[in-house]
Amino acid sequence: MWPFRRTRDEARESVDEQVLRDLLVDARRWIARYAGPRADLDDLVQEAMIELVVALERFRGDSSVRTYAHRIVLRTTARETAKRRAVRARIELVEDVDREAHGTDPERALTDRRTMTRFYEALSALSEKRRNAFVLCAIEKLAHDEAAAIEGVSVETLRARLKHARADLERALAADPLLGTYVAGGAR
Amino acid sequence: MKNGLDALASAAARRAVSPTRDPDAVIREALIVGRARARASARRRRAVIASGAMVALAAAAMLVWTQRAPEVVVAPEVVVAPEGVTELALGAHRIDAITGTRIASARAEPQRAVWRLDEGAALFDVAPLGVDGAFEVRTPDATVHVRGTVFAVSVEPTGTRVEVFEGRVVVHDARGQRALGAGESYTPSARVRLPEVLAVRGARAAARRLASTHEEHEHDAGARQVEEVASAPIEVQRIEVPRIEVQRDTASEPTPERRGRGARADALVIDLAHVRALCDRGEFEAALAAIESARPPRAERGDWAMLEGDAHRALGHTEAAASAYERAAASLTPTRAALAGFLAATQRERAGQRAEALAILERSHAAERGSPLEERALAMRASLLARLGRDDEAATAARAYLAGFPGGEARARMQALLGE
């Protein structure tokens, strides 16, 4: 290998490592909020980090590294969750529920857990674009222009996607026996 | 009241996210695997680009090759006649080179042929060329420009001799430029001679051409209008796939021993070369007698039949000539069989046997696309069909001719058939 090439690669690796360290916590949060309660969260995070390293090779500086990374993480998570949907087992959630419920009311915790699971099931039924718009704006609470930058679309497009996503979700949750009253009755 | 959906979203946002158990391990694995994936991806990308480039190059090469295919030269660079007379064919052009001749095809395109004659002598029977056509023979000290003629060029250390048997040529050399007509010759040195065999062959080729021209005129005897158009400058745009056939004729030139004894058939071994020599000298009766008394080997029967046809045709025995040519067509290679079939059809037509002529022509495949005789055979087919009263088929054949040879020699006749 040529010396200058080795130096360049070492420098790049150092930068990549720093970027991963800076973004790891946020990436885990983005994935958790996008995918909902899952037992394979660690796997999703690992896969997203790997894809981020690959994607950083192609980074051209058109946006901030954070925005670019958020986009890559969302896309990787969407792809991975779609792949794993078929093999996902509900029983996996029990361990999480028990752990999260430790020290609180187990019955309440279980109800909340079920509510969130149903909610994410409805969310996963949306198209990726609408789901992304809803997650970024409604759950991550990002401003519309930030979300639009992550998605690489105009603010108007993002607003339209968000509007459709809300309509779809309301329609889906209204038919749900557990969440129907929740949506119809407003916040509890 | 807060919307229930927003409340659910807020609840989702409030959910605690468990921390990564071993961040260093996650980052280390991400870097290792990510780098490997990036390298594999780059390799795949390079492979795809290389494959695409290869496909594009192959496509470009194929395109160039197919576009240049009609001009592909399949010619020997230099032909040295070892002994006897070597016959070369380029499209409809015929070249006879004698012993020891060094001749090269510098450009093997029938309509723009260039030959280089370094030493020896050769007879050039050049078929009529199109408007932009050219035929050039270059010797060390002269260049001969031709436009459809029969001429011979002899090259010796003392100079070049050019002798014209039919048509007209222009000779350029250090002394300037001069035009030569039929029967004229030019040489800077009287010591440069033309071999006798080429002189005989040249005279015969000129006679054949005159006979052929006469035949063509006979074809058109009934159509005055067509004759007028036919006398206009010929514009041929026909493009043939250049092909050079070499046929060694090792003994067409009589040996000194044979010359000494004269050319009597009964004094010589009767073989193909001997009969050919008789035909070359115009002794057709003797040639026929020799053919009759000979027992040709099976492999040569086609050649013998061709010579028999030539002799009968020269003597005006049209039906016998046609019959001989038909026999030749049955045993020769496809290209020569097509020629034999075409000649047989010509003879049948001359004998007034039009239906038979048409049948032979169809069997010979001479009118098929790519055949060297395609143009003439198509024209003959259209004429025969018209004379047999098969007007629709004649019109179709005429249209095929005009589509394939819009500037062909028989254009006017074909247009007349179509009533244009």
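Values in this document were obtained by computation on a predicted structure and should not be read as measured data.

Caption draft 1: Representation of the overall build of chain B within the structure. A tally of helices and strands in chain B yields 14 helices and 13 strands. Looking at chain B as a whole, 45% of its 420 residues qualify as buried. Surface summary for chain B: the accessible area is close to 21,600 Å², and the carbon and sulfur share equals 53%.

Caption draft 2: Representation of the overall build of chain A. The secondary structure content of chain A amounts to 9 helices and 0 strands. Considering chain A as a whole, with its 188 residues, one finds that 46% of them fall into the buried category. A separation of at least 24 residues holds for 63% of the contacts in chain A among residues at least 6 apart in sequence. Taken as a whole, chain A presents about 10,300 Å² of accessible surface, with 51% of it coming from carbon and sulfur.

Caption draft 3: The interface of chain A and chain B, seen in detail. Chain A puts 44 residues into the contact, and the matching count from chain B is 32 residues. For the pair chain A and chain B, the summed buried surface comes to about 3,200 Å²; carbon and sulfur atoms form 62% of the total. If you look at where chain A meets chain B, you find 7 salt bridges. Close ionic contact of D42(A) with R21(B) constitutes a salt bridge, the shortest N to O distance being 3.8 Å. Going through the elements one at a time, α1 (3-35), α2 (41-56), α4 (93-101), α5 (106-124), α6 (128-139), α8 (155-174) and α9 (180-185) of chain A are the ones with two or more residues in the side of chain A that touches chain B. In terms of residues, the side of chain A that touches chain B owes the most to one element, α1(A), which gives 11 residues. Per-class residue counts for the side of chain A that touches chain B are 21 nonpolar, 5 polar and 18 charged.

Caption draft 4: Expanded view of the pairing of strand β2 (residues 85-90) of chain B. Residue and element names in this part refer to chain B. In terms of burial, β2 is largely enclosed, as 5 of its 6 residues are buried. Bridge analysis of β2 against strand β3 (residues 93-97) gives 5 bridges, and the strand direction is antiparallel. Bridge assignment links T86 to a residue of β3, and that residue is A97. Once β2 ends, the chain turns through 2 residues before running back antiparallel as β3, passing G91 with a positive phi of about 60°.

Caption draft 5: Summary view of the packing of aromatic side chains. Taken as a whole and assessed by the stated rule, the structure comprises 6 aromatic pairs over all chains. Taken together, a centroid distance of 4.8 Å and an interplanar angle of 45° make the contact between F59(A) and Y68(A) tilted. With a relative accessible area of 11%, Y68(A) lands in the buried category. Between F124(B) and F151(B) the ring centres are 5.1 Å apart and the planes differ by 15°, which places this aromatic pair in the stacked class. Placement of F124(B) in strand β5 (residues 112-125) and of F151(B) in strand β8 (residues 150-156) is noted, with a sequence separation of 27 residues between them. In this structure, F124(B) and F151(B) share a single accessibility class: buried.

Caption draft 6: Structural context of the packing of helix α3 (residues 65-84) of chain A against helix α7 (residues 144-151) of chain A. All names here are of chain A. Closest axis-to-axis distance for the α3/α7 pair is 8 Å, and the angle between their directions is 65°. In this view, α3 runs roughly perpendicular relative to α7, as classed from their interaxial angle. When you trace α3 past α7, the crossing you get is right-handed. Facing T67, H70, R71, L74 and R75 of α3, the residues of α7 in contact are A149, I150 and E151.

Caption draft 7: Focus on the pattern of salt bridges. Enumeration according to the criterion identifies 32 salt bridges over all chains in this entry. The shortest N-O distance in the salt bridge between E163(B) and R161(B) comes to 3.2 Å. Neither E163(B) nor R161(B) differs from the other in exposure class; each is buried. The shortest N-O distance in the salt bridge between D173(B) and R178(B) comes to 3.5 Å. The class of R178(B) is partly exposed, set by a relative accessible area of 25%. Ionic contacts of the salt-bridge type, sharing partners, join the residues E47(A), E51(A), R79(A), E80(A), K83(A) and R37(B) into one network.

Caption draft 8: How the structure looks around the nonpolar core. Among the nonpolar cores identified, the biggest contains 37 residues, and M306(B), F342(B), L361(B), Y401(B) and M414(B) are the most heavily contacted of them. For this core, the secondary-structure elements that each account for two or more residues are α8 (301-314), α9 (318-331), α10 (334-350), α11 (354-364), α12 (374-387) and α13 (391-404) of chain B. Aside from chain neighbours lying at most four places away, what touches M306(B) is Y325(B), A328(B), L332(B), L339(B), A340(B) and L343(B). Grouped together as the second largest cluster of nonpolar side chains are 32 residues, C137(A), A147(A), L169(A) and A13(B) included.

Caption draft 9: Fine view of the side chain of D96(B). Note that D96(B) resides in strand β3. Beyond its immediate sequence surroundings of up to four residues, D96(B) is in contact with V85(B), T86(B), E87(B), A121(B), A122(B), L123(B), L198(B) and R201(B).

Caption draft 10: View of helix α6 (residues 272-280) of chain B. All names here are of chain B. A large share of α6 lies buried, amounting to 9 of its 9 residues. Inspection of α6 places L272, A273, H274, V275, R276, A277, L278, C279 and D280 among the buried residues, and these make up the whole buried set. Phi turns positive one or two residues past the end of α6, at G282, with a value near 85°.

Caption draft 11: Up close: a positive patch on the surface. Taken together, the side chains of R58(A), R39(B), R43(B), R44(B), R45(B) and R46(B) define a basic patch exposed on the protein surface. Position of R39(B) among the secondary structure elements: in helix α2 (residues 23-68).

Caption draft 12: How the structure looks around the confidence of the model for chain A. When pLDDT is averaged along chain A, the result is 81, and 81% of the positions lie at 70 or above. Note on residues 89-102 of chain A: pLDDT under 50 across the span, and 17 contacts to partners over four residues away in sequence or across chains.

Caption draft 13: Examining the side chain of E151(A) more closely. Residue and element names in this part refer to chain A. With respect to the secondary-structure elements, E151 resides in helix α7. Polar side-chain contacts of E151 include one of 3.2 Å to the side chain of N132. Contacts of E151, omitting those with residues within four sequence positions, involve L74, R75, K129, N132, L136, L158 and R161.

Caption draft 14: α8(A), seen in detail. All names here are of chain A. Helix length check: α8, at 20 residues, gives a terminal C-alpha distance of 28 Å against a target of 28 Å (1.5 Å per residue), a fit within 8%. All buried positions along α8 are accounted for by L158, R161, L162, A165, D168, L169 and L173. The buried residues of α8 all sit within an arc of 135° when viewed along its axis, so they share a single face. In α8, those exposed residues whose orientation departs by more than 90 degrees from the buried face are E156, K163, R171 and A174.

Caption draft 15: How the structure looks around the environment of V197(B). Following the sequence through the fold, V197(B) ends up in helix α3 (residues 196-219). Separated by 83 residues in sequence, V197(B) and D280(B) place their C-alpha atoms 8.2 Å apart.

Rules and cut-offs
- Residues numbered from 1 in each chain as written.
- Chains lettered and ligands numbered in written order.
- Predicted model: local features only at pLDDT ≥ 70, side-chain atom pairs only at ≥ 80, totals over all residues.
- Heavy atoms only, no water.
- Helix = DSSP H or I, 4+ residues; strand = E, 2+ residues; numbered from the N terminus.
- Buried < 20%, exposed > 50% of the residue type's maximum accessible area, 1.4 Å probe, protein only.
- Areas by Shrake-Rupley, 256 points an atom, 1.4 Å probe, with all protein chains shown as cover.
- Contact = heavy atoms within 4.5 Å.
- Buried area = accessible area lost by both parts, 1.4 Å probe.
- Salt bridge = Lys/Arg side-chain N within 4 Å of Asp/Glu carboxyl O.
- Nonpolar A, V, L, I, M, F, W, Y, C, P; charged D, E, K, R; others polar.
- Pairing = 2+ DSSP bridges.
- Phe/Tyr/Trp six-rings, centres within 6.5 Å; stacked < 30°, edge-to-face > 60°.
- Axes fitted to C-alpha atoms, helices over the stretch in contact; angles between N-to-C directions.
- Parallel < 35°, antiparallel > 145°, perpendicular 65-115°, else oblique.
- Left-handed = near helix turned anticlockwise from the far one by under 90°.
- Core = buried A, V, L, I, M, F, W, Y, C linked by side-chain atoms within 4.5 Å.
- Patch = residues over 30% accessible without salt bridge, like charges linked within 9 Å, V, L, I, M, F, W, Y side chains within 5 Å.
- Lys, Arg positive; Asp, Glu negative; His and termini not counted.
- Charge placed at Lys NZ, Arg CZ, Asp CG, Glu CD.
- pLDDT = per-residue confidence, 0-100.
- Polar contact = N/O pair within 3.5 Å; in protein donor to acceptor, adjacent residues only side chain to side chain.
- Expected span 1.5 Å × (residues − 1).
- Arc of directions from axis to C-beta.

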